[in-house]
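Take a look at the letters that make up each chain.
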Amino acid sequence: MSFIIAEIGQAHNGSIDIAHDYIDALAKTGVDAIKFQTHIANAESSIYEPFRVKFSDQDATRFDYWKRMEFKLSEWKGLKQHCDDAGLEFMSSPFSNAAVDLLEEVGVKRYKIGSGEVTNFLLLERISQTKKPVILSSGMSSFNELDAAVKFLKEKHIEIAVLQCTTAYPTKPQEYGLNVITELISRYNIPIGFSDHSAKIETCIAAKVLGAEILEFHAVLNRQVFGPDTTSSLTIQEVETLVKAVRNIDIALQSSINKNDTSKFSELKLIFEKSLAVNKNLNKGHIIRFEDLEAKKPANKGVKASEFRSVIGTRLQRNMTQWEFLNNEDIA
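Under an unreviewed UniProt entry, the protein chain has the name N-acetylneuraminate synthase and belongs to Algibacter agarivorans.

**Student:** In this structure, what is going on with the packing of aromatic side chains? I would like to understand it.
**Tutor:** Each aromatic ring pair is summarised here by two numbers: the centre-to-centre distance and the angle between the ring planes. Taken as a whole and judged by the stated rule, the model has 7 aromatic pairs. Relative to Phe90, the ring of Phe36 has its centre 5.8 Å away and its plane inclined at 35°; by these criteria the two rings are tilted. Of the two residues, Phe36 sits in strand β2 (residues 33-38) while Phe90 sits in strand β3 (residues 89-94), which places them 54 residues apart along the sequence. Accessibility expressed as a relative area gives 2% for Phe90, which makes it buried. Site record: aromatic cluster; members linked through ring pairs are Phe36, Phe71, Trp76 and Phe90.

**Student:** In this structure, what is going on with the layout of surface pockets? I would like to understand it.
**Tutor:** By rolling a water-sized probe across the atoms, one finds the places where empty space is left. Roughly 570 Å³ of internal volume is contained in the largest pocket. Residue lining of the largest pocket: 28 residues in total, with Gln37, Phe95, Gly114, Gly116 and Tyr169 positioned closest to the centre. Those elements that place two or more of their residues in the lining of the largest pocket are β2, α3 (62-69) and β8 (214-220). A breakdown of the residues in the lining of the largest pocket according to their chemical character gives 6 nonpolar, 12 polar and 10 charged. One number sums up the size of the second largest pocket: a volume of about 160 Å³. Residue lining of the second largest pocket: Phe3, Arg110, Pro133, Val134, Ile135, Glu159, Ile160, Ala161, Pro191, Glu213 and Ile214, and that is the complete set. Partitioned by chemical class, the residues of the lining of the second largest pocket number 8 nonpolar, no polar and 3 charged.

**Student:** Looking at this structure, I do not really get the environment of Glu216. What am I missing?
**Tutor:** The topology assignment puts Glu216 in strand β8. Judged by relative accessible area, which is 1%, Glu216 ranks as buried. Other than its neighbours up to four places away in sequence, Glu216 contacts Ile5, Glu7, Lys35, Lys112, Leu163, Phe194, Ser195, Asp196 and Cys204. Polar side-chain contacts of Glu216 include one of 2.6 Å to the side chain of Ser195.

**Student:** Teacher, can you tell me more about a nonpolar patch on the surface here?
**Tutor:** On the surface, Phe265, Leu268, Leu270, Ile271 and Phe272 cluster together into a nonpolar patch covering about 480 Å² of accessible area. Structurally, Leu268 can be placed in helix α11 (residues 266-272).

**Student:** I keep staring at the pattern of salt bridges and nothing clicks. Help me out?
**Tutor:** Any two side chains of opposite charge can pair, given that their charged atoms come close. According to the stated counting rule, one finds 19 salt bridges in the structure shown. Between Arg126 and Asp101 there is a salt bridge whose closest N-O contact spans 2.8 Å. On the criterion of sequence distance, the pair formed by Arg126 in helix α6 (residues 121-128) and Asp101 in helix α5 (residues 97-106) is long-range, its members being 25 residues apart. Exposure remark for Arg126: the relative accessible area of 19% places this residue in the buried category. Taking relative accessible area as the criterion, Asp101 reaches 38% and is therefore assigned partly exposed. Two residues, Lys280 and Asp292, come together in a salt bridge whose shortest N-O distance is 3.2 Å. In this pair, Lys280 sits in the loop between β10 (275-278) and β11 (293-296) while Asp292 sits in the loop between β10 and β11, placing the two residues 12 residues apart along the sequence. On the basis of relative accessible area, Lys280 is assigned to the partly exposed category, the value being 28%. Residue classification places Asp292 among the buried residues on the basis of a relative accessible area of 0%.

So, how was this worked out
- Residues numbered from 1 in each chain as written.
- Predicted model: local features only at pLDDT ≥ 70, side-chain atom pairs only at ≥ 80, totals over all residues.
- Heavy atoms only, no water.
- Phe/Tyr/Trp six-rings, centres within 6.5 Å; stacked < 30°, edge-to-face > 60°.
- Helix = DSSP H or I, 4+ residues; strand = E, 2+ residues; numbered from the N terminus.
- Buried < 20%, exposed > 50% of the residue type's maximum accessible area, 1.4 Å probe, protein only.
- 1 Å grid on protein atoms, 1.4 Å probe; cavity = no way out; pocket = protein on both sides within 12 Å on 5 of 7 lines; lining within 4 Å.
- Points joined across faces, edges and corners; volume = space filled by probe spheres on them.
- Nonpolar A, V, L, I, M, F, W, Y, C, P; charged D, E, K, R; others polar.
- Contact = heavy atoms within 4.5 Å.
- Polar contact = N/O pair within 3.5 Å; in protein donor to acceptor, adjacent residues only side chain to side chain.
- Patch = residues over 30% accessible without salt bridge, like charges linked within 9 Å, V, L, I, M, F, W, Y side chains within 5 Å.
- Areas by Shrake-Rupley, 256 points an atom, 1.4 Å probe, with all protein chains shown as cover.
- Salt bridge = Lys/Arg side-chain N within 4 Å of Asp/Glu carboxyl O.

So this is what it looks like as C-alpha cells:
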C-alpha cells in the first residue's frame with residue numbers, strides 16, 4: 001500500500017497553535033504521516049541567505065524567517081504526541097546536525113531529507129549515525145549527485161527510499177518528471193516515490209500508477225493563508241480526495257484480473273450478447289445473404305452472432321417472418 005505524507009512545512013507560519021490545527025485537520029483525510037521542517041536558524045543559515053520567495057516584509061532576511069519558524073523542544077514533543085494520539089507518523093526534515101540532535105530527542109521513526117541537502121554529506125553522516133531509514137528527495141539533484149548520496153547511505157547500511165521531485169513552486173505539468181520514476185526504480189532497486197509541488201490532485205495519482213510507493217505533497221488549510229508554499233499546496237479537501245483515489249488505485253493494482261475466466265459474467269453474457277435473426281420476410285428456399293441478417297438479444301435464441309459467416313450461402317428450410325431468430329434447423 002502507498003505511504004502518503006502530507007507536509008505542513010512552514011504553513012503554520014511560526015504558530016504552534018496553527019501547527020496543531022493542521023494535525024487535527026489532516027488526521028481526518030486518511031494520510032499516513034504528517035511532516036514538518038525543523039529549522040534552527042543559527043545552525044543552518046546566515047544573514048547572507050537570499051529569499052527563495054520574498055512573500056512578506058515581516059522578516060528582513062531569510063535568516064530572520066527561519067528564526068521565526070523555530071519551535072522549542074517541548075513544542076516539538078507536543079506535536080509528536082499529537083500525531084501519535086491521532087494515529088499518524090510524526091516526521092520532520094532536519095536542515096542541520098543540530099536539528100537531527102533535536103529530532104532524536106523528540107523521537108522520529110525515520111528521516112526525510114530535502115533535495116537541497118542531498119550533497120550535504122555532513123548531514124547525511126549525522127543521520128546515518130542514527131541508523132534510521134531515510135527518504136531522500138531528488139529535487140534539484142543530478143543523477144551523479146543522487147548516486148553519490150545513495151552510495152554513501154548504502155555503505156552505512158541505511159534503509160533508503162528516493163523520491164522524484166522537481167524544485168519548482170508550483171510545478172508545471174512539463175516539469176513533473178514522471179518519466180524519472182521508472183528510471184529511479186530500475187536504477188536503484190529500492191522503494192521509489194514522488195514529492196509533489198504542483199498543487200494538483202492528478203499528479204500524485206499519475207505517479208502512483210507509474211510505480212511510486214511513497215507520495216508526498218504540501219498541504220494548506222486554504223489558499224488564502226500566508227506562506228511561501230501556499231501556491232504549491234493542496235487544500236485539506238483536496239488531500240482527502242487524493243487519499244481516497246490513491247487507496248482505490250492501491251486496491252486495483254493489487255487485484256489482478258484473469259481475462260480468460262468469464263464465468264462470473266455467464267448470466268450477463270446471455271443478456272447482452274446476441275443471436276442471429278432475419279431482417280425481412282423470407283421464403284423457403286431463399287439463399288441467405290449478409291444483407292438478410294440482424295443480431296438481436298438475448299444470446300440463446302438462435303445461431304450465435306459470432307457465427308454469421310457459417311450461415312451466409314445456406315438455404316432456408318421454411319418461410320420466415322421479419323425479426324424471427326434464425327436457428328440451425330432453419331437452414332441447410
